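Structural overview
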Amino acid sequence: MSMKNNLLSGIEEDAVLEVQLKMPYTLTTGKAAGTFLAALDQKIILGTTCNKCKKVIVPATDYCGACGGQNEGFLEMPHSGTITAVTRTNEKVFIFIRLDGADIDLLHIFHGEFADAQIGARVKAKWPTNVDEPSRITSLAGFELGTDSPSVSPRPFTGTIEPISEIPYQLTLDYKHSYGPHYGRMFDELATRQRIIGSRCSSCHNVLVPPREYCDVCFAPTDLYKDVSDAGKLQAFSIINLEFVGQTRTPPYVYGEVVLDGSATRLIHNIGGFDITKAKEILSIGMKVKAVWRPLDQCKGTLDDIEYFQPIFE
Ligand SMILES: [Zn+2]
Ligand SMILES: [Zn+2]
């Protein structure tokens, strides 16, 4: 049985939204990892000994992952070891290295051909010629084939190194979100005609915004695109006074749920066009609101083509 919705006939191109998600945050290193990272700037690889199981752990940790024991003391590790595992991405070869005298493998980059990264092969630390940012795991460039000679054993670290306490970090994810035919059509209408469309359920005849393939309530296919009004009722609202990461507006501002006239669904959008500091007194549930559009030549085919919904006082 074909479930193809007849709304889709004649629509061939799927619009794509290119998005970048940025998550800036601060990584708290802890004492041992902070000391390990700071030591890399001095070309020192630090491990720790567990006070219970006596395992030699690299990178240095405050607590043993195997038994929960504590760091008994820092060790200065040899710069050579043996490959225990290998994998690669399109750009890099990664290896697990068992540094001489260690009981735990260290993950780092292999500098060389994938074919040469054989399990059991001897490798030695490779240090960067210039460091972009100090006290990072990349302050050690990785490992390459070869052995430091003469080979040494881990020895107690007697120097003092001030640990770093945190690393500013930003996770950036680029991705493409396919609108699909229904959203594509809706955004196209927004950008070219400043018109909001929904799709009608073939069973309950509710009009759903944004338009979609199936009704969320009866699971029946939708059968028709319908224009809905750019005015409607404020169903709920929230006044945002807090600042938080990723915010695109400066508080205070208001988000509201709007049920557009002719539709059965709620659209979340900005509520504005009035004195926001008096939002609590001015706004009420059920009040009428109307879209304030950006100039047509600035419309890009997103919900942002509507600047906000403005309360209508009757
Ligand atoms: Zn342990
Ligand atoms: Zn329905």
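So, how was this worked out
Residues take numbers from 1 onward in each chain, read along the sequence in its written order. Throughout, the order in which chains and ligands are written sets their labels, letters from A for the former and numbers from 1 for the latter. For this predicted model, a pLDDT threshold of at least 70 governs which residues receive local features, and a threshold of 80 or more governs which side-chain atom pairs are given and counted, while totals over whole chains, interfaces and linings are taken from all residues. For the purposes of this entry, the term helix denotes a DSSP run of H or I that reaches at least four residues, the term strand denotes a run of E that reaches at least two, and both are numbered from the N terminus. For the radius of gyration, the atom set is restricted to C-alpha positions; the globular benchmark scales as 2.2 Å times the number of residues to the power 0.38. With C-beta atoms placed from the backbone, a residue is labelled by how many other C-beta atoms lie within 10 Å of its own: buried for 20 or more, exposed for 12 or fewer, partly exposed between the two. Where each domain begins and ends is defined by an automated method or by a domain database. Being paired, for any two strands, means DSSP has found at least two bridges between them. Here, a nonpolar core denotes buried Ala, Val, Leu, Ile, Met, Phe, Trp, Tyr and Cys residues that are linked to one another through C-beta atoms within 7 Å. Note on contacts: each residue gets a C-beta atom placed from the backbone, and two residues are in contact if those atoms are within 7 Å.

Scanning the protein chain from N- to C-terminus turns up three helices and 19 strands. At 30 Å, the protein chain has a C-alpha radius of gyration far larger than the 20 Å of a compact globule built from 314 residues. C-alpha atoms of the protein chain, sized along the principal axes, occupy 85 × 55 × 40 Å. Across the 314 residues that make up the protein chain, the buried fraction comes to 26%.

Before going further, it helps to examine the domain arrangement of the protein chain. Size of an interface: often given as the accessible area lost when the parts come together. The assigned domain composition of the protein chain is domain 1 (30–164) and domain 2 (229–311). Computed over C-alpha atoms, the centres of domain 1 and domain 2 are 53 Å apart.

The residue phenylalanine 244 is located in the loop between β15 (231–240) and β16 (253–260) in this model. Under the C-beta neighbour-count criterion, phenylalanine 244 is labelled exposed, with 7 such atoms within 10 Å. When the C-alpha positions of phenylalanine 244 and valine 152 are compared, they lie 50 Å apart, and in sequence the two are 92 residues distant.

Strand order in the open sheet formed by three strands is β13-β12-β14, with antiparallel pairing between adjacent strands. At either end of the open sheet lies a strand with only one pairing partner, and these are β13 (207–208) and β14 (222–228). Strand direction decides the pairing type here: strand β12 (residues 196–201) and β14, joined by six bridges, are antiparallel. Its bridge partner lying in β14, cysteine 201 is registered against threonine 222.

To continue, consider the nonpolar core. Core analysis: the largest hydrophobic core is formed by 29 residues, its most contacted members being Leu46, Val58 and Ala60. Those elements giving two or more residues to this core turn out to be α1 (31–40), β2 (46–50), β4 (71–76), β6 (93–99), β7 (106–110) and β8 (122–126). Looking at this core, the element that brings in the most residues is α1, giving seven residues. Apart from the residues lying within four places of it in its own chain, the contact partners of leucine 46 are Thr35, Phe36, Ala39, Ala60, Phe74, Leu75, Glu76, Met77 and Phe157.

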